[in-house]
Amino acid sequence: MSYSPAVDDNGLPSPNYLSSEKGLWSWLSTLDHKRIGILYLIGITIAFFLGGVFALLLRLELFFPGQQLVGPDTYNKLFTLHGAVMVFLFIIPSIPAALGNFVLPLQLGAKDVAFPRLNLASWYIYVAGSLFALYALVTGGVDTGWTFYTPYSTSSNTAVISITTGAFILGFSSIFTGMNFIVTIHKLRAPGMTWDRLPLMVWALYGTALIQVLATPVLAITLALLIMERTLGVGIFDPAMGGDPVLFQHFFWFYSHPAVYIMILPGMGIISELIAAFSKREIVGYKFVAGSSLAIALLGFLVWGHHMFTSGQSELASAIFSFLTFFVAIPSAIKVFNWTATLYKGRISLEVPMLYALGFLFLFAIGGLTGLFLGTLSVDIHLHDTYFIVAHFHYVMMGGTVIALIGGIHYWWPKMFGRMYSQFWGVVGFILVFVGFNVTFFSQFIMGSQGMPRRYWDYLPQFQRIHGISTVGAMILGTGLFIIAIYLIASLRRGTIVGPNPWGASTLEWETTSPPHPHNFENQPVVTGGPYDFNKPRV
Amino acid sequence: MSNNQEHKGAHPPEWFQHHFTDAEQQQESAKLGMWVFLLTEILFFGGLFCAYAIYRAWHPDMFINAHTALDWRMGGLNTIVLIVSSITMAMSIRSFQLNQQKQGVMLLVVTLMCAATFMVIKYFEYSHKFHVGQLPGKFYTFTGIEGTNPHIFFSIYFLMTGLHGIHVLVGMGVIIWLIMRAKKGHFGPAYYTPVEVTGLYWHLVDMVWIFLFPLFYLIG
């Protein structure tokens, strides 16, 4: 590899994007996609911590029946803020804006994203939207649930306007990231980087960007209408004024169902990279895995009504939405089967990121298959608004996306900072997270199927044991995440310095120095082969 | 990323952003970016068009009664004004392509004037409605319209034309910025991308109005 032998003060290859410019202002005014990715990583970590604290408070309150820590009104605010923070501040920007920003131009062999200034603006918009959401938190919180359903959200006297304004603003941050990625993928690919040589992470980010661009504006107008409803009483959603509250649900889920694919698709992209890199094999059925990302993006727009089976939409509509919902299983299963097939006869090495990839396969399979229960009309009537659905979407969102995110962070960490974290603590962290997660949420499948309703502050004594198990699981999970944070931060100073390609991976980002040159590559890479060709040098 | 001294050969022009490989790539990227942005705009307005369709389907007679409160002559005049502004916008791009900077600036000024005219006409329409109480939702006090929930017609009217008006104002701001840059000689045959992508945006604003006009002023 032709990276320069020069090193900076920290012993890392020089010049690199971390030390080429110094000072806080050089970060706050940076146009470098890698630095903006790091800024996003800091932002989402704070949001994840905040949302996680809310979650632990909820679980502690539910340890025993009756009041433990907080009263019912505070409980309602806690689960609302947990949901809103986790969805809008953390998981939507998490993989695309943090990791995606960092790796996308590197994987394409580009110097940056197409619109670096827009990229930085999106981060500031993200911060501004988050501050609005925090303002809602300190001015008394919100108790509507993260879905802000009308008519309650038009009458609740909590800070609905500030948090929906926050979500409205955050939406533009997401739109700008999506626009940037679409244009970057279309126009800024290195010479020789044809569409069928794109890493699968890029395909996943492309599908994600399409959804961000097509769905988010609908959320924006919906939240704007909700704000208008509260301030001007426009009567679109308020039944007292001749409006239709179910219309709000249609609008809301027209965004928010595709949004769950904004969350999971980039996670699937990471898993494709991890499975290839740690099996040392080309992903089986590359074209199908790539195409399934687009298929998921498309199908995601056709199934929003499955959130509304019990909201009074017509039976015909429910039947059609139920029918269409099952189609989502096809591209999802294509991915899972192809990943599994890639493992077969691969040279598997169980490095820390690979543990997360295998964990993902297990957890996403459970999360995905229980989704079919909920897409089935008759079963959903029983399971609707129980802990079963809470468990289902946590298996997909946390067991899928967050596990993929943590796996991706472990995979690209040495690329980002040039240093390796402790493998021992990495394995310990994974085991605690994996065990803690399953204890927390598998028990919620059981209590949900037994009829425990979601969002309740109190419960019948018969659920005490299972709620207790779930809370203990949450503590284990929290401990695991805490350990991961500690050893990752510690590795920034103490980690052993690694070369350009510590995993022996095959995509372009591993051919530049770790941490990369400020302009990504010293010389413009020229691509001559597929993304997962482990046998011959490609540049 | 600000020091771009390592470029080989001739010094690149000021407008060239060094993360692109050439000027064509930069222009193509900007245009695609704007098209994607316009897609988001269509979906943004789409929510309101959807609300319009639903409430019109539920209250067809009220919509027809309520639309008589709007003056089709003012709406029609505004339609003509906006179409003219779209033409002058397109002509201005052509002027810069042909290196006729003065003419390009003139045409941008005409475009700006048309946009201002549109807003002035809109102002007269709005103030009349404020005066007689044809206002959105709970502020609706007018009594002369028969049918169910006439306040919803005015909610949707003000939301859609208001959102469109905001887009006109934003467009005016951008056109002023273009005029200032054009006067400094920033645009010519080699580089006119900002004018071109603003043109794309401006045509979309025009297109939205072309749908709003018949849906509000010409029904029944």
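Residues numbered from 1 in each chain as written. Chains lettered and ligands numbered in written order. Predicted model: local features only at pLDDT ≥ 70, side-chain atom pairs only at ≥ 80, totals over all residues.

Visitor: Looking at this model, I keep getting lost on the overall build of chain B. Mind explaining?
Guide: Helix and strand counts for chain B stand at 6 helices and 0 strands. The linear arrangement of helices and strands in chain B, starting from the amino end, is α-α-α-α-α-α. For a compact globule of 220 residues, the expected C-alpha radius of gyration is about 17 Å, and chain B comes in at 21 Å, more than 25% above that figure. Overall size of chain B, expressed as C-alpha extent along the three principal axes, is 75 × 30 × 25 Å. A separation of at least 24 residues holds for 76% of the contacts in chain B among residues at least 6 apart in sequence. (Helix = DSSP H or I, 4+ residues; strand = E, 2+ residues; numbered from the N terminus. Rg over C-alpha atoms; globule rule 2.2 N^0.38 Å. Contact = placed C-beta atoms within 7 Å.)

Visitor: Is there a simple way to think about the overall build of chain A in this case?
Guide: When helices and strands are tallied, chain A shows 15 helices and 2 strands. Whereas a compact globule of 539 residues would reach a radius of gyration of roughly 24 Å, chain A reaches 23 Å, a difference of no more than 12%. Referenced to the eigenvectors of the C-alpha coordinate spread, the extents of chain A come out at roughly 70 × 45 × 45 Å. In chain A, of all internal contacts separated by at least 6 residues, the share reaching a separation of at least 24 is 82%.

Visitor: So what exactly am I meant to see when it comes to the packing of helix H11 (residues 352-375) of chain A against helix H14 (residues 423-449) of chain A here?
Guide: How two helices pack is summed up by the angle between their axes together with the distance between the axes. Residue and element names in this part refer to chain A. The N-to-C vectors of H11 and H14 enclose an angle of 10°; their axes lie 10 Å apart at closest approach. The angle between the axes of H11 and H14 places the two elements in the roughly parallel class. Contact residues: H11 offers Val 352, Leu 355, Tyr 356, Gly 359 and Thr 370, while H14 offers Gln 423, Gly 426, Val 427, Phe 430, Phe 434 and Phe 445. (Axes fitted to C-alpha atoms, helices over the stretch in contact; angles between N-to-C directions. Parallel < 35°, antiparallel > 145°, perpendicular 65-115°, else oblique.)

Visitor: Hey, could you run me through the interface of chain B and chain A in this one?
Guide: On the side of chain A, 31 residues touch chain B, which itself brings 28 residues to the contact. For the side of chain B that touches chain A, the leading source of residues is helix H1 (residues 23-58) of chain B, giving 16 residues.

Visitor: How do you make sense of the nonpolar core when you look at a structure like this?
Guide: Looking at soluble globular proteins, one finds that nonpolar side chains tend to be buried together. If you look at the biggest cluster of nonpolar residues, it comprises 226 residues, and the most contacted ones within it are Val 85 and Ile 182 of chain A together with Ile 156 of chain B. The greatest single-element share of this core, amounting to 22 residues, is contributed by helix H3 (residues 72-108) of chain A. Residue contacts for Ile 182 of chain A: discarding those within four places in its chain leaves Tyr 206, Ala 209, Leu 210 and Val 213 of chain A together with Val 36 of chain B. (Core = buried A, V, L, I, M, F, W, Y, C linked by C-beta atoms within 7 Å. Buried ≥ 20, exposed ≤ 12 C-beta atoms within 10 Å, placed from the backbone.)

Visitor: Which parts of the structure should I look at to understand unusual backbone geometry?
Guide: Trans peptide bonds make up most of the peptide bonds, and negative phi angles are found at most residues other than glycine. Residue and element names in this part refer to chain A. Geometrically, the link from Ser 14 to Pro 15 is a cis peptide bond, its omega value of 0° lying close to zero. Tracing the backbone through its elements, the reader meets Pro 15 in the segment before helix H1 (24-28). At Arg 455, a position not held by glycine, the phi torsion is positive, near 65°.

Visitor: Is there a simple way to explain helix H7 (residues 200-232) of chain A in this structure?
Guide: A turn of α-helix holds 3.6 residues, and therefore any two residues three or four places apart point the same way. Residue and element names in this part refer to chain A. Spanning 33 residues, H7 covers 47 Å between terminal C-alpha atoms, matching the ideal 48 Å at 1.5 Å per step. The largest bend in H7 amounts to roughly 30° and is located at Ala 215, with the proline Pro 217 lying one to four residues further along. Of all 33 residues in H7, 28 are buried; the element is thus mostly enclosed. Looking at the residues trailing H7, positive phi occurs at Gly 233, about 60°. (Expected span 1.5 Å × (residues − 1). Bend = angle between axes of the 7 residues up to and from the residue.)

Visitor: Even after reading the chapter, I still don't get the packing of helix H4 (residues 101-132) of chain B against helix H5 (residues 150-183) of chain B, so can you show me in this structure?
Guide: Residue and element names in this part refer to chain B. One can describe the packing of H4 onto H5 by two numbers: an axis separation of 10 Å at closest approach and a directional angle of 160°. Regarding the angle of H4 to H5, the classification is roughly antiparallel. Pair H4 / H5 crosses with left-handed handedness. Contacts between H4 and H5 involve Gln 101, Gly 104, Val 105, Leu 108, Val 109, Thr 111, Leu 112, Ala 115, Ala 116, Phe 118, Met 119 and Lys 122 from the first element and Gly 165, Val 168, Gly 171, Met 172, Ile 175, Ile 176, Leu 178, Ile 179, Ala 182 and Lys 183 from the second. Of the residues in the contact of H4 with H5, the class split is 15 nonpolar, 5 polar and 2 charged. (Left-handed = near helix turned anticlockwise from the far one by under 90°. Nonpolar A, V, L, I, M, F, W, Y, C, P; charged D, E, K, R; others polar.)

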